[in-house]
Amino acid sequence: QVQLVESGGGLVQPGGSLRLSCAASVSIFRFYAMGWYRQAPGKQRELVARITTGGIINYADSVKGRFTISRDNTKNTVYLQMNSLKPEDTAVYYCNAPSIIGTSQYWGQGTQVTVSS
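All figures in this text were calculated on a predicted structure; none of them were measured in a lab. (Residues numbered from 1 in each chain as written. Predicted model: local features only at pLDDT ≥ 70, side-chain atom pairs only at ≥ 80, totals over all residues. Heavy atoms only, no water.)

Engineer: What is the right way to read the nonpolar core from this model?
Structural biologist: Side chains of nonpolar character tend, in soluble globular proteins, to be buried together. Within the largest apolar cluster, 30 residues are counted, with the highest numbers of intra-cluster contacts made by Phe31, Met34, Trp36, Leu80, Met82 and Tyr93. Every element with two or more residues in this core is listed here: β3 (18–24), β4 (33–39), β5 (46–52), β7 (67–72), β8 (77–82), β9 (91–98) and β11 (111–115). Leave out the neighbours within four places in its chain, and methionine 34 touches Leu4, Cys22, Ala24, Ile28, Arg50, Ile51, Ile69, Val78, Cys95, Asn96 and Ala97. (Core = buried A, V, L, I, M, F, W, Y, C linked by side-chain atoms within 4.5 Å. Buried < 20%, exposed > 50% of the residue type's maximum accessible area, 1.4 Å probe, protein only. Helix = DSSP H or I, 4+ residues; strand = E, 2+ residues; numbered from the N terminus. Contact = heavy atoms within 4.5 Å.)

Structure follows, in structure tokens:
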């Protein structure tokens, strides 16, 4: 059974940093990509950053230059380093991994990020 377990969320002041981690229970090469989405109250879930198995990276315009996605293949883990955090980054952040075969999508349980003074 595929599981994605997130960690690293919390409360941080504006301008601060956090690093999120998403550990997969299987090899990350079973996924087409791994990424981070977020959902703020009253808003739709949106893509924040994604890295494909081939190493192609995409970022939402709102986080370019501030967030960095990376992965450790040996640990089956993807990270999201978030710098220069803003109050509008406040949301529940979800790890996502679409299967490389078929149409299955896997999601983590979500981790809360709150940016507030």
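Engineer: Sorry if this is basic, but what is going on with the state of the cysteines here?
Structural biologist: A covalent bond between the sulfur atoms of two cysteines is referred to as a disulfide. Summed over all chains, the structure comprises 1 disulfide. Paired through a disulfide, cysteine 22 and cysteine 95 show a sulfur-sulfur distance of 2.0 Å. One quick way to see it: the torsion about the S-S bond of cysteine 22 and cysteine 95 is about -80 degrees, and its sign makes the bridge left-handed. Note that cysteine 22 is positioned in strand β3 and cysteine 95 in strand β9, a separation of 73 residues in sequence. (Disulfide = S-S within 2.5 Å.)

Engineer: What exactly am I supposed to notice about the packing of aromatic side chains here?
Structural biologist: A ring pair, where both rings are aromatic, is described by two values, the distance of the centres and the angle of the planes. This model, assessed by the stated rule, comprises 3 aromatic pairs. When the ring of tyrosine 37 is compared with that of tryptophan 107, the centres are 5.1 Å apart and the planes differ by 65 degrees; the resulting orientation is edge-to-face. On the criterion of sequence distance, the pair formed by tyrosine 37 in strand β4 and tryptophan 107 in strand β10 (residues 105–107) is long-range, its members being 70 residues apart. When the ring centre of tyrosine 94 is taken as origin, the NZ or CZ atom of arginine 45, which lies over that ring, is 3.8 Å away. (Phe/Tyr/Trp six-rings, centres within 6.5 Å; stacked < 30°, edge-to-face > 60°. Lys NZ or Arg CZ within 6 Å of the ring centre and 35° of its normal.)

Engineer: Where do I start with the sheet that holds strand β1 (residues 4–7) in this structure?
Structural biologist: The strands making up a sheet associate through hydrogen bonds between their backbones, and the pairing can be parallel or antiparallel. With antiparallel pairing, the 4 strands of this open sheet are ordered in space as β1-β3-β8-β7. Whereas interior strands pair on both sides, the edge strands pair on one side only; in this sheet they are β1 and β7. Strand-to-strand twist in this sheet, taken as the mean axis angle between neighbours without regard to direction, amounts to 15 degrees. (Pairing = 2+ DSSP bridges. Axes fitted to C-alpha atoms, helices over the stretch in contact; angles between N-to-C directions.)

Engineer: Teacher, can you tell me more about a nonpolar patch on the surface here?
Structural biologist: A grouping of Tyr32, Ile100 and Ile101 is seen on the molecular surface, where their side chains present a nonpolar patch of about 340 Å² in accessible area. Mapped onto the elements, isoleucine 100 comes out in the loop between β9 and β10. (Patch = residues over 30% accessible without salt bridge, like charges linked within 9 Å, V, L, I, M, F, W, Y side chains within 5 Å. Areas by Shrake-Rupley, 256 points an atom, 1.4 Å probe, with all protein chains shown as cover. Salt bridge = Lys/Arg side-chain N within 4 Å of Asp/Glu carboxyl O.)

Engineer: Honestly, the pattern of salt bridges in this entry has me stumped. Any pointers?
Structural biologist: Side chains that carry opposite charge are capable of pairing whenever their charged atoms lie near each other. With the rule as written, the count across this model stands at 4 salt bridges. Where glutamate 46 meets arginine 38, a salt bridge forms, and the shortest distance between an N and an O atom there is 2.7 Å. Looking at arginine 38, the relative accessible area reads 5%, which means it is buried. The shortest N-O distance in the salt bridge between lysine 64 and aspartate 61 comes to 3.1 Å.

Engineer: Just checking my understanding: could you explain the environment of glutamine 44 for this structure?
Structural biologist: Residue placement: glutamine 44 occurs in the loop between β4 and β5. Excluding residues that lie within four positions of it along the chain, glutamine 44 makes contacts with Arg38 and Gln39.

From the geometry alone we can't say anything about function, so treat these as descriptive.
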